[in-house]
Amino acid sequence: EEPILEITMSEKPSLMDIAERAGVSIVTVSRAIRGVGRVNAATHERIMRIADELGYARHAGIIFARKSRISNREHKLSVVLVNFAGPNGLEPTVHITRMLTGLRERIEEEKGELTTINAVDLEDLMQKFPRKRIHGIVLRQVIPSKWMERLQEIAPVVYAISHDVQPGVDCVYFNEQKSAALLANALMQKGHRKVAWIAPDISNLHRSTVAEAFYDPLNAIDRQAFNFTRSRYAAWQTLGLGWPDDRFKVHCRTCKAPVFASVDTAKRVVREFLKLRKQHGVTALVTVSNPIALTAIRELRAAGLRVPKDLSVVAYLTADIDPKAKERVTCVELPFHLVGNIVPELIQRRLANPECTTITITLDTTLSLGNTLGKAPSVKALKGP
């Protein structure tokens with residue numbers, strides 16, 4: 001019978017402690033903890049039991065794998081980043097670039113390997129998967145439930161930059177309620193009481209997103225996955241619940257336009273905003289991205305309106321890249337780099353314990369103040385179309 005080892009709170013068990021008690025090498029313990037490489041089933045069970053007894057990196061009953069610097073080829077973390085976007089991939093936007101940078105940095109720290117695959121659909125992806133063991137799959141788009149079931153048979157899957165709708169899938173995303181509150185607070189402090197939140201509707205899909213035909217309309221999870229504006233829409237809708245309309249009122253709208261920024265998208269957003277301005281006296285526009293905001297500002301000015309004197313415009317996504325840019329949109333800055341950093345940890349965690357609890361990590365966002373937010377004009381002062 002194995003002796004009982006008492007550990008004080010100040011003593012943190014290490015891989016060596018587990019190895020000595022299990023009678024195996026540190027390499028074998030590391031492989032078992034991370035789920036990378038070959039370990040006999042009985043040995044793996046014994047190592048995990050001892051790690052559990054010693055309290056190795058344990059929190060709320062969940063084992064988290066520690067970092068390892070072992071460079072053995074079999075031990076390397078092999079991660080696949082999937083883009084369902086056709087042969088050319090998704091647009092290299094700033095937020096995508098930042099997420100990829102964070103992901104690559106962390107995988108390189110682990111002496112691992114990141115492979116990017118662009119696929120048209122699931123069958124195309126299956127043809128392109130590398131012929132080797134894959135330890136984790138990273139997705140930047142919510143996919144149909146049937147696709148997810150297939151992918152989880154191959155390796156643990158983690159959603160990055162995507163809202164969390166599918167059970168049994170770990171996810172890293174942003175706290176929508178806090179993000180909405182940050183922007184709303186900034187607007188209210190400037191006297192805005194009636195604002196418009198307007199987003200392109202997903203019913204007119206861009207080719208770089210998963211096609212509508214692949215989702216099951218009778219599956220509620222697929223229905224939520226298909227419309228990724230739903231969670232942000234809901235966050236803004238709830239800001240006005242339970243309060244008199246004269247305190248703070250949000251008019252939420254979607255318009256049929258491409259989901260990515262374009263002149264046409266901005267024009268449709270502006271048209272919807274001008275209707276709400278005329279009907280309800282809204283004094284600020286909230287858009288879902290900086291590019292849409294910048295183009296909308298140009299369209300509003302072309303219509304004779306001054307930003308931010310006559311109205312204000314705020315947005316989501318990353319702050320402007322050029323600090324010397326004349327137009328700096330007030331926005332909620334989303335921590336895409338940190339998302340990429342965290343993803344490998346979730347993969348390692350599930351490799352260490354495939355039965356561990358599914359978690360969603362919601363990251364805080366920060367407010368970046370620009371020159372597109374000003375004091376709200378009075379109703380009498382509203383001018384222009």
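Residues numbered from 1 in each chain as written. Predicted model: local features only at pLDDT ≥ 70, side-chain atom pairs only at ≥ 80, totals over all residues. Heavy atoms only, no water.

**What about the overall build of the protein?**
- Tallying secondary structure elements over the protein gives 12 helices and 14 strands in all.
- Taking all 385 residues of the protein together, 48% fall into the buried category.
- If you take every contact in the protein between residues at least 6 apart in sequence, the share linking residues at least 24 apart comes to 72%.
- Total accessible area computed for the protein in this model is approximately 18900 Å², and 52% of it derives from carbon and sulfur atoms. (Helix = DSSP H or I, 4+ residues; strand = E, 2+ residues; numbered from the N terminus. Buried < 20%, exposed > 50% of the residue type's maximum accessible area, 1.4 Å probe, protein only. Contact = heavy atoms within 4.5 Å. Areas by Shrake-Rupley, 256 points an atom, 1.4 Å probe, with all protein chains shown as cover.)

**Here we look at the packing of aromatic side chains**
- Inspection of the entire model under this criterion finds five aromatic pairs.
- Measuring from centroid to centroid gives 4.8 Å for Phe-84 and Trp-147, while their planes differ by 50 degrees, and the two rings are tilted. Remark: Trp-147 occurs in helix H6 (residues 145-152) and Phe-84 occurs in strand E3 (residues 78-84); sequence separation between them is 63 residues. The two residues Phe-84 and Trp-147 agree in class, both being buried.
- Relative to Phe-214, the ring of Trp-147 lies with its centre 4.9 Å away and its plane at 55 degrees, an arrangement referred to as tilted. Of this pair, Trp-147 sits in helix H6 while Phe-214 sits in the loop between strand E8 (194-201) and helix H8 (220-226); the two residues are 67 residues apart in sequence, bridging distant segments of the chain.
- Owing to a relative accessible area of 8%, Trp-147 belongs among the buried residues under this scheme.
- Members of the aromatic cluster, joined through ring pairs, are Phe-84, Trp-147 and Phe-214.
- Directly above the aromatic system of Tyr-316 lies the positively charged group of Arg-232, at a separation of 4.0 Å from the ring centroid. (Phe/Tyr/Trp six-rings, centres within 6.5 Å; stacked < 30°, edge-to-face > 60°. Lys NZ or Arg CZ within 6 Å of the ring centre and 35° of its normal.)

**Some thoughts on the sheet that holds strand E5 (residues 136-139)**
- With parallel pairing, six strands are arranged side by side in an open sheet as E4-E3-E5-E6-E7-E13. Every interior strand has two partners, whereas the edge strands, strand E4 (113-119) and strand E13 (360-363), have only one. The mean angle between the axes of side-by-side strands here comes to 20 degrees, regardless of whether they run parallel or antiparallel.
- Where E3 lies against E4, seven bridges are found, and the strand directions are parallel. Bridged to Val-80 within E4 is Thr-115. (Pairing = 2+ DSSP bridges. Axes fitted to C-alpha atoms, helices over the stretch in contact; angles between N-to-C directions.)

**A look at the packing of helix H1 (residues 15-22) against helix H3 (residues 41-54)**
- The N-to-C vectors of H1 and H3 enclose an angle of 125 degrees; their axes lie 10 Å apart at closest approach. The angle between the axes of H1 and H3 places the two elements in the oblique class. Relative to H3, H1 is oriented so that their crossing is right-handed. Taking contact as the criterion, the partners of Asp-17, Ile-18, Arg-21 and Ala-22 in H1 are, on H3, Arg-46, Ile-47, Ile-50, Ala-51, Glu-53 and Leu-54.
- For the contact of H1 with H3, a count of residues per class yields six nonpolar, no polar and four charged. (Parallel < 35°, antiparallel > 145°, perpendicular 65-115°, else oblique. Left-handed = near helix turned anticlockwise from the far one by under 90°. Nonpolar A, V, L, I, M, F, W, Y, C, P; charged D, E, K, R; others polar.)

**Notes on the pairing of E8**
- Buried residues dominate E8, accounting for seven of its eight residues.
- For E8 and strand E9 (residues 249-256), the ladder comprises eight bridges, and the chain directions are parallel. Bridging from a neighbouring strand, Ile-198 pairs with Arg-253 of E9.
- Note that E8 and strand E10 (residues 284-286) share three bridges and pair parallel. Bridge pairing links Val-195 to Ala-284 in E10.

**Here we look at the pattern of salt bridges**
- Counted under the stated rule, the structure contains 17 salt bridges.
- As a salt-bridge pair, Glu-113 and Lys-132 come within 2.4 Å of each other at their nearest N and O atoms. On the criterion of sequence distance, the pair formed by Glu-113 in strand E4 and Lys-132 in the loop between helix H5 (122-128) and E5 is long-range, its members being 19 residues apart. (Salt bridge = Lys/Arg side-chain N within 4 Å of Asp/Glu carboxyl O.)

**Side note on helix H10 (residues 263-280)**
- Between its terminal C-alpha atoms H10 stretches 25 Å, which fits the 26 Å expected from 18 residues at 1.5 Å a residue.
- Among the structural elements, E8, E9, E10 and helix H11 (290-302) are those in contact with the buried residues of H10.
- Just downstream of H10 lies Gly-281, where phi reads positive at about 70 degrees. (Expected span 1.5 Å × (residues − 1).)

**Some thoughts on the pairing of strand E11 (residues 312-315)**
- Side chains Ser-312 and Val-314 project from E11 onto one buried face, and the interleaved Val-313 and Ala-315 project onto a second face that is buried too.
- Taken together, E10, H11 and E11 constitute a β-α-β crossover, and its handedness is right-handed.
- Relative to strand E12 (residues 330-333), E11 runs parallel, the two being bridged by two bridges. Across the sheet, Ala-315 pairs through a bridge with Cys-331, a residue of E12. (Right-handed = clockwise from strand over helix to strand, strands pointing away.)

**Quick notes on H11**
- For H11, which comprises 13 residues, the first-to-last C-alpha distance of 18 Å matches the rise-based estimate of 18 Å (1.5 Å per residue) to within 8%.
- Every buried residue belonging to H11 is among Asn-290, Ile-292, Ala-293, Thr-295, Ala-296, Ile-297 and Leu-300, and all of these are buried.
- The N-terminus of H11 is capped by Ser-289, whose side-chain oxygen sits 3.3 Å from the backbone nitrogen of Ile-292.
- Positioned one or two residues after H11, Gly-304 has a phi angle of 95 degrees, which is positive. (Polar contact = N/O pair within 3.5 Å; in protein donor to acceptor, adjacent residues only side chain to side chain.)

**Considerations on the nonpolar core**
- Counting 95 residues, the largest nonpolar core has Leu-139, Leu-151 and Trp-236 as the members making the most contacts within it.
- Counting residues per element, this core draws most heavily on helix H12 (residues 336-352), which supplies seven residues.
- If we ignore the near neighbours within four places in the chain, the residues touching Trp-236 are Ala-180, Leu-183, Ala-184, Trp-197, Val-250, Cys-252, Val-286 and Tyr-316.
- Of all hydrophobic cores here, the second largest spans 13 residues; its members include Met-48, Ile-50, Ala-51 and Tyr-56. (Core = buried A, V, L, I, M, F, W, Y, C linked by side-chain atoms within 4.5 Å.)

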